[in-house]
Amino acid sequence: MMEGPVCRVACGCYVLLAISIGAHCTISIDNLTCPSTLDPQTRPAAAPFVEANGPATMSIPMIACSSSLSEHNSNGSGINKNKQMVEQLQQYGVFSSKKVAEVMETVDRALFVPDGTPAYADSPMAIGYRATISAPHMHATCLQLLEQNLQPGMRALDVGSGTGYLTACFAIMVGSQGRAIGVEHIPELVASSIKNIERSAAAQLLKEGCLQVHVGDGREGWPEHAPYDAIHVGAAAPEIPQPLIDQLKPGGRMVIPVGKIFQDLNVVDKNLDGSVCIRSETAVRYVPLTSRDAQLKGY
Ligand code: SAH
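Our subject in this report is the structure included herewith. (Residues numbered from 1 in each chain as written. Predicted model: local features only at pLDDT ≥ 70, side-chain atom pairs only at ≥ 80, totals over all residues. Heavy atoms only, no water.)

Here the focus is the side chain of Q247. On the secondary structure map, Q247 appears in the loop between α8 (242-246) and β10 (248-259). Not counting residues within four places of it along the chain, the set of residues in contact with Q247 comprises L157, E220, G221, W222, P223, A226, P227, Y228 and I231. (Helix = DSSP H or I, 4+ residues; strand = E, 2+ residues; numbered from the N terminus. Contact = heavy atoms within 4.5 Å.)

Here is the structure:
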């Protein structure tokens, strides 16, 4: 059951000026938190960027991108390239938050992408099982949208945690007094995400148990640690699952892509009286939030 009235607010993201930068890049400069993306998850590296029905579209030019885990390990330059990637996202106006920059610099993306793939390219990467790690600009966008709800001591739920990258970022932001819970329905991805996290700056939090990743159907949330201050959903739901609304704390915020072919990144704020307010931040394209069977069979 819905806990309270729902209001829908149109996206406050109007394109004031779109500048073309390079062959396939348009950038909206009206709203730093609204760098929309079409196909952030499935767009192949360096593919032409297709504009669709979103209020604004942006594609960051490819960031020096030949780095992989082997390079990260062999000469230690990976962490510098990771920093460069974060700086470029800031320069292109994807985000402005210092906290988001800090956490993205701390969690090296190369530890989360399959070895041999261009870790620092602003593009989603296939991770197997018809899943992808989201593009860095989508990670940055979602982190910034959730920043106020990822303060030390708060609780965060990451549905469709995939590689564990965002779960690790959430854990570092909420710290050892908080909780970051990942839920992913492909057991093999849960196992590999735990290995990724163990090599990352969030390893200690995993050890302490304040960062956990579970196998489960994320449409049910993870009631054991509810209510959550922040919920992130990394796959597109046909509609917002009620259990996720129920598990959001009053004052909490959920960021969730909603839709099938045309999708919006919805920001769901639960007011202190339990009512929820939903607005669309931008047009996106994510893999579906679905059953494990449907995903493995190709939706
Ligand atoms: N944020 C992740 C995104 C991974 S892609 C990252 O950047 O690494 C979306 C993920 O959602 C996939 O791993 C997919 O397996 C998972 N998923 C899809 N439907 C799900 C469901 N019902 N329950 C849990 N996970 C789901």
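Right, let's talk about unusual backbone geometry for a bit. With an omega of 0 degrees, the peptide bond between A226 and P227 qualifies as cis. Checked against the element boundaries, P227 lands in the loop between β8 (211-215) and β9 (228-233). Located in the positive-phi region is Y129, a residue other than glycine, with phi close to 60 degrees. With a phi angle near 60 degrees, R130 is a residue other than glycine that sits in the positive phi range.

Consecutive side chains along a regular strand alternate between the two faces of the sheet. Counting buried residues in β10 gives 9 out of 12 residues, a clear majority hidden from the surface. In the sheet, β9 pairs with β10 via 4 bridges, with the strands oriented parallel. Bridge assignment links Y228 to a residue of β10, and that residue is L248. Bridge count between β10 and strand β11 (residues 263-270): 7 bridges; the pairing is antiparallel. Counterpart to M254 in the pairing with β11 is V268. Linking β10 back to β11 in an antiparallel pair, the connection comprises 3 residues. (Buried < 20%, exposed > 50% of the residue type's maximum accessible area, 1.4 Å probe, protein only. Pairing = 2+ DSSP bridges.)

Here we come to the site of the ligand. The environment of the ligand is made up of 25 residues, and the closest members are H139, T163, E184, G218 and T290. One nitrogen or oxygen atom from the main chain of S134 is found 3.1 Å from an oxygen atom belonging to the ligand. A distance of 2.7 Å is found between an oxygen atom of the ligand and a side-chain nitrogen or oxygen belonging to E184. For the ligand, whose unbound accessible area comes to 570 Å², protein coverage reaches 100%. Of the pockets mapped on this structure, the ligand occupies the largest cavity. Top element by residues in the shell around the ligand is strand β5 (residues 131-133). It accounts for 3 residues. For the shell around the ligand, the class distribution of residues is 8 nonpolar, 14 polar and 3 charged. (Near = heavy atom within 4 Å. Polar contact = N/O pair within 3.5 Å; in protein donor to acceptor, adjacent residues only side chain to side chain. Areas by Shrake-Rupley, 256 points an atom, 1.4 Å probe, with all protein chains shown as cover. 1 Å grid on protein atoms, 1.4 Å probe; cavity = no way out; pocket = protein on both sides within 12 Å on 5 of 7 lines; lining within 4 Å. Sits in = over half its atoms within 2 Å of the grid points. Nonpolar A, V, L, I, M, F, W, Y, C, P; charged D, E, K, R; others polar.)

So, on to the pairing of strand β7 (residues 179-184). Among the 6 residues of β7, 5 are classified as buried, and the element is accordingly described as predominantly covered. Where strand β6 (residues 155-159) meets β7, 5 bridges bridge the pair, whose relative direction is parallel. Looking across to β7, one finds that D158 is bridged to G182. In this region the chain leaves β6, passes through helix α5 (residues 165-174) and returns to the parallel neighbour β7; the handedness of that crossover is right-handed. (Right-handed = clockwise from strand over helix to strand, strands pointing away.)

Attention now moves to empty space enclosed by the protein. Under the definition given, this model contains 2 cavities of 30 Å³ or more. Computed from the structure, the largest cavity encloses a volume of approximately 330 Å³. Forming the boundary of the largest cavity are 30 residues, of which G160, S161, G162, E184 and G234 lie nearest the centre. Of all the elements in the fold, those that place two or more residues in the lining of the largest cavity are β5, β6, α5 and β7. Looking at the lining of the largest cavity element by element, the count peaks at 3 residues for β5. Considering only residue class, the lining of the largest cavity consists of 12 nonpolar, 15 polar and 3 charged. (Points joined across faces, edges and corners; volume = space filled by probe spheres on them.)

Among the nonpolar cores identified, the biggest contains 55 residues, and M104, L143 and L150 are the most heavily contacted of them. The leading source of residues in this core is α5, at 8 residues. Beyond its immediate chain neighbours, meaning those up to four positions away, L150 contacts L143, A156, F170, M173, V174 and A230. (Core = buried A, V, L, I, M, F, W, Y, C linked by side-chain atoms within 4.5 Å.)

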